[in-house]
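Close look at the chain arrangement
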Amino acid sequence: MSEALEIERHRAAIARAEISRPVRLAIEWAVLNPDKTFFDYGCGYGGDVQRVANLGYNSAGWDPYYYPNEPITAADVVNLGYVLNVIEDQEERRQSLIQAWELTRNVLIVAAQVLINASSKAQLAYSDGIVTSRNTFQKYYEQAELKKYIDEVLNVDAVPVALGVYFVFRDEAEKESFKAIRFFSRTATPRVRIPTKRFEDYQEQLAPLMAFFTKRGRLPVKGELANEQELLSEFGNFRRAFAVVLQATDEAEWDAIAYRRSLDIQVYLALTHFDQRPRFSQLAPEMRHDIKAFFGSYEEACEVADQKLFSLGRPGVVQTACDKSKVGKHTRGALYVHVSALVALDPLLRIYEGCASRTIGRVDGATLIKYYIDQPQISYLFYPDFDTDPHPALKASITIDLKTLYVTHRDYSNRANPPVLHRKETFVTSNYPLYEQFAKLTQQEQQFGLLKQKSEIGTREGWQKCLAAHGVEIKGHEVYLIEEQSE
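Remember, predicted model here, so these are calculated numbers, not experimental data. (Residues numbered from 1 in each chain as written. Predicted model: local features only at pLDDT ≥ 70, side-chain atom pairs only at ≥ 80, totals over all residues. Heavy atoms only, no water.)

**Quick word on the layout of surface pockets**
Quick note on the threshold: In the cavity and pocket records, a cavity denotes points on a 1 Å grid over the protein atoms alone where a 1.4 Å probe fits but cannot get out, a pocket denotes an open set with protein on both sides within 12 Å along at least 5 of 7 lines, and lining residues are residues with an atom within 4 Å of a point. Grid points are joined across faces, edges and corners, and a volume is the space filled by probe spheres set on the points. In DSSP terms, a helix is any run of H or I states spanning at least four residues, a strand is any run of E spanning at least two, and both are numbered starting from the N terminus. Lys, Arg, Asp and Glu make up the charged group, whereas Ala, Val, Leu, Ile, Met, Phe, Trp, Tyr, Cys and Pro make up the nonpolar group; the residues left over, Gly among them, are polar.
Approximately 1,300 Å³ is the volume attributed to the largest pocket. Around the largest pocket, the lining is made up of 37 residues, and of these Phe184, Arg186, Val339, Ser340 and Val343 lie nearest the centre. Counting residues per element, the ones that place at least two in the lining of the largest pocket are helix 1 (21–28), helix 6 (197–216), helix 9 (251–272) and helix 13 (347–360). Here the residues of the lining of the largest pocket sort into 17 nonpolar, 8 polar and 12 charged.

**Some thoughts on helix 5 (residues 172–181)**
As a reminder of what qualifies: Burial classification: accessible surface area is computed with a 1.4 Å probe over protein chains only, and a residue below 20% of its type maximum counts as buried, one above 50% as exposed, and the rest as partly exposed. Throughout, a contact is declared for two residues whenever any of their heavy atoms are within 4.5 Å. In protein, a polar contact means a hydrogen-donor-capable atom and an acceptor-capable atom, both N or O and within 3.5 Å, with residues adjacent in sequence counting only if both atoms are side-chain atoms; elsewhere, any N or O pair within 3.5 Å suffices.
Every buried residue of helix 5 is listed here: Ala173, Lys175, Glu176, Phe178, Lys179 and Ala180. Each element contacted by the buried residues of helix 5 is listed here: strand 8 (159–162), strand 9 (165–169), helix 9 and helix 10 (285–295). The backbone nitrogen of Ala173 has a side-chain oxygen 3.2 Å away, supplied by the residue at the start of helix 5, namely Asp171.

**Things to note about the pattern of salt bridges**
Quick reminder of the rule: Should a side-chain nitrogen of Lys or Arg be within 4 Å of a carboxyl oxygen of Asp or Glu, the pair is scored as a salt bridge.
Inspection of the entire model under this criterion finds 19 salt bridges. The residue Lys179 makes a salt bridge to Asp157 at a minimum N-O spacing of 3.7 Å. Of the two residues, Lys179 sits in helix 5 while Asp157 sits in the loop between helix 4 (143–154) and strand 8, which places them 22 residues apart along the sequence. Among the residues examined, Lys179 registers a relative accessible area of 10% and is labelled buried. In this structure Asp157 comes out as partly exposed when scored by relative accessible area, which is 23%. A salt bridge links Arg218 to Asp290, with the shortest nitrogen-to-oxygen separation between them at 2.4 Å. Separated by 72 residues along the polypeptide, Arg218 in the loop between helix 6 and helix 7 (228–235) and Asp290 in helix 10 bring together distant segments of the chain.

**With respect to empty space enclosed by the protein**
Applying the stated criterion to the full structure yields 3 cavities of 30 Å³ or more. Each pocket or cavity is described by its volume, and for the largest cavity that value is around 40 Å³. In terms of lining, the largest cavity is formed by Ser185, Thr187, Thr214, Lys215, Arg216, Gly217, Ile257, Arg260, Arg261 and Asp264. If you list the elements that add at least two residues to the lining of the largest cavity, you get helix 6 and helix 9. At 4 residues, helix 9 tops the list of elements feeding residues into the lining of the largest cavity.

**Description of the packing of aromatic side chains**
Rule in force here: For Phe, Tyr and Trp, rings pair up if their centres lie within 6.5 Å, where Trp contributes its six-membered ring, and each pair is then called stacked (planes under 30 degrees apart), edge-to-face (over 60) or tilted (otherwise). Counting as a charge over the ring demands two things of the Lys NZ or Arg CZ atom: a distance within 6 Å of the ring centre and an angle within 35 degrees of the ring normal.
For the structure shown, the criterion picks out 18 aromatic pairs. Ring geometry for Phe167 against Phe169: centres 6.4 Å apart, planes inclined by 75 degrees, an arrangement best described as edge-to-face. Just as Phe167 is buried, Phe169 falls in that class too. Each member of the aromatic cluster is reached from another via a ring pair, and the members are Tyr336, Phe386, Phe427, Tyr432 and Phe438. Over the ring of Phe184 we find Arg261; its NZ or CZ atom is 3.7 Å from the centre of that ring. A cation over an aromatic ring shows up here: Lys424 above the ring of Phe386, its NZ or CZ 5.2 Å from the ring centre.

**Section: the pairing of strand 1 (residues 37–41)**
In summary, the side chains of a regular strand alternate between the two faces of the sheet. Condition: Orient the strands so they point away from the viewer; a crossover is then right-handed if the path from the first strand over the helix to the second runs clockwise. Each pair of strands is called paired provided DSSP finds at least two bridges between the two strands.
Among the 5 residues of strand 1, 4 are classified as buried, and the element is accordingly described as predominantly covered. Where the polypeptide runs from strand 1 across helix 2 (residues 47–54) and back to strand 2 (residues 58–62), its parallel neighbour, the crossover connection is right-handed. Pairing of strand 1 with strand 3 (residues 75–81), which is carried by 3 bridges, proceeds in the parallel orientation. Bridge assignment links Phe39 to a residue of strand 3, and that residue is Val78.

**So, the packing of helix 3 (residues 90–102) against helix 4**
Heads up, the condition is: Fitted lines through C-alpha atoms give the axes, limited to the stretch in contact for helices. The angle between two N-to-C directions lies from 0 to 180 degrees. Should an angle fall under 35 degrees it is taken as roughly parallel, and over 145 as roughly antiparallel, whereas 65 to 115 is taken as roughly perpendicular and any remaining angle as oblique.
Packing of helix 3 against helix 4 brings their axes to within 10 Å, and their N-to-C directions diverge by 70 degrees. Here helix 4 runs roughly perpendicular to helix 3, going by the angle between their axes. Together, Gln90, Arg93, Arg94, Leu97, Ile98 and Trp101 of helix 3 and Tyr149, Ile150, Val153 and Leu154 of helix 4 make up the contact between the two elements. Residues that form the contact of helix 3 with helix 4 fall into these classes: 7 nonpolar, 1 polar and 2 charged.

**Brief notes about the sheet that holds strand 11 (residues 334–338)**
Read from one edge to the other, the open sheet built from 6 strands follows the order 10-11-12-13-14-15, with strand pairing classed as antiparallel. Each having just a single partner strand, strand 10 (329–330) and strand 15 (407–411) make up the two edges of the open sheet. Relative to the sheet, helix 13 contacts strand 11, strand 12 (368–372), strand 13 (377–382), strand 14 (396–401) and strand 15, its axis offset from that of strand 13 by approximately 75 degrees.

**What about the pairing of strand 15?**
Both strand 14 and strand 15 contribute to a ladder of 5 bridges, which runs antiparallel. Pairing of Ile398 across the sheet is with His409, part of strand 15. Adjacent in sequence and paired antiparallel, strand 14 and strand 15 are bridged by 5 residues, among which Leu405 carries a positive phi angle near 60 degrees.

**Some details on the environment of Ile373**
Within the fold, Ile373 resides in the loop between strand 12 and strand 13. Each C-alpha atom, one on Ile373 and one on Asp157, is 32 Å from the other, the two residues being 216 residues apart in sequence. Those residues within four positions of Ile373 in sequence are excluded, and the remaining contacts are Gln319, Cys322, Asp323, Thr331, Arg332, Gly333 and Ala334.

**Here's the deal with the sheet that holds strand 8**
Strand order in this open sheet of 6 strands is 2-1-3-4-9-8, and the pairing throughout is mixed. A strand with exactly one partner marks an edge of an open sheet, and here the two such strands are strand 2 and strand 8. Across the sheet, the axes of successive neighbouring strands diverge by a mean angle of 20 degrees, strand direction being ignored. Packing of helix 4 onto the sheet brings it into contact with strand 4 (104–111), strand 8 and strand 9, and relative to strand 9 it is tilted by some 25 degrees.

That is the geometry; function is a separate question.
Dropping the structure here:
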């Protein structure tokens, strides 16, 4: 284009009613917490600055149009949210990223628009993006393209958190801890079954030790437990203290926690193969202790993890793992699993899903994960009403081709006849809070013969016709005859 356009960047600012997604994710992952200072570089209307301050955090921001006179200050966590994609000048865009990084003490949040879902009728190609009908500029990135851009400009390894959202860490150990914790199983502390006198006498002092083992699957080493001196002076060492815990609880439950934890580490280490695998010294101290406890050495841990990863390349391995899975709903071409059940899957399937999520982060708001049996693909399916609607409709899907890492997004929210779910208990594990309610509904629907026509009830219209034909309706998660309702 020979003539430069007068782009009105400030018109791209969005007035939000709540904290933006990138900042919310930083809070949810505890990257941003009350002990950290926050600065929003290019804050637009200042909504995030105000809402983070309302949480009691130290919060400030600057914007070249709306808040040009606010001081630009360094902070622990800096947000560069949807700024890169509205700057049409490529050198200025690059400098904005560099300046935001220079202000960052701990973590830089970078978010930009990815994927174009809207029609491009009123859009004009300009520079490396488009000019919208509002005379704003938009540069749409592919997910992998955005990471490559951040990494090359800043000479870093940006961590994908969600679609279009990356965290950039100053500290290597903190980065690896964050990457690892996303693969950790959440477990409950085994309950006390036989409250021995000795356990009851020391229950309060033993509680931190039990909590530590629940979290890490091993006993602490020196310096890891707050009440260490108190326990050691009483019991001599942690093993003797834990022996008292084992007398009052089921040892098999503690063994299961340790086993799950070792699997979590294998999943994490397998996926570090795709990046520059960190040196042992670059890991956080607690992770180094974990690896020594479970594997003996870092080399052994990496070898075990790599064997699992490389096995996924062999024909039929993924299909066999899907077929054998006791978790999830099996269909002819896929295995469907609720996101909460991911940690209960075979480590091979967890690593396989990790090959997708390492590209786009944990998919924010996804309900189900679809493992394709006949092609190297993973889909994330969005059913926001999964818990409340007995037969929720599909709102959107994100599919990742594991060969090309190409991301495809489909929106079902405006479809008159979207797909709907049945047999919800099959997607979750038996300890899911609503499992019994889901299972009871399926049992009732089977008794009424509602689930026989599988090909016809898979859409909202087909399901409604089925209910009408059987003279029933569903309220909550209960089936009622319409005749009974009218009496």
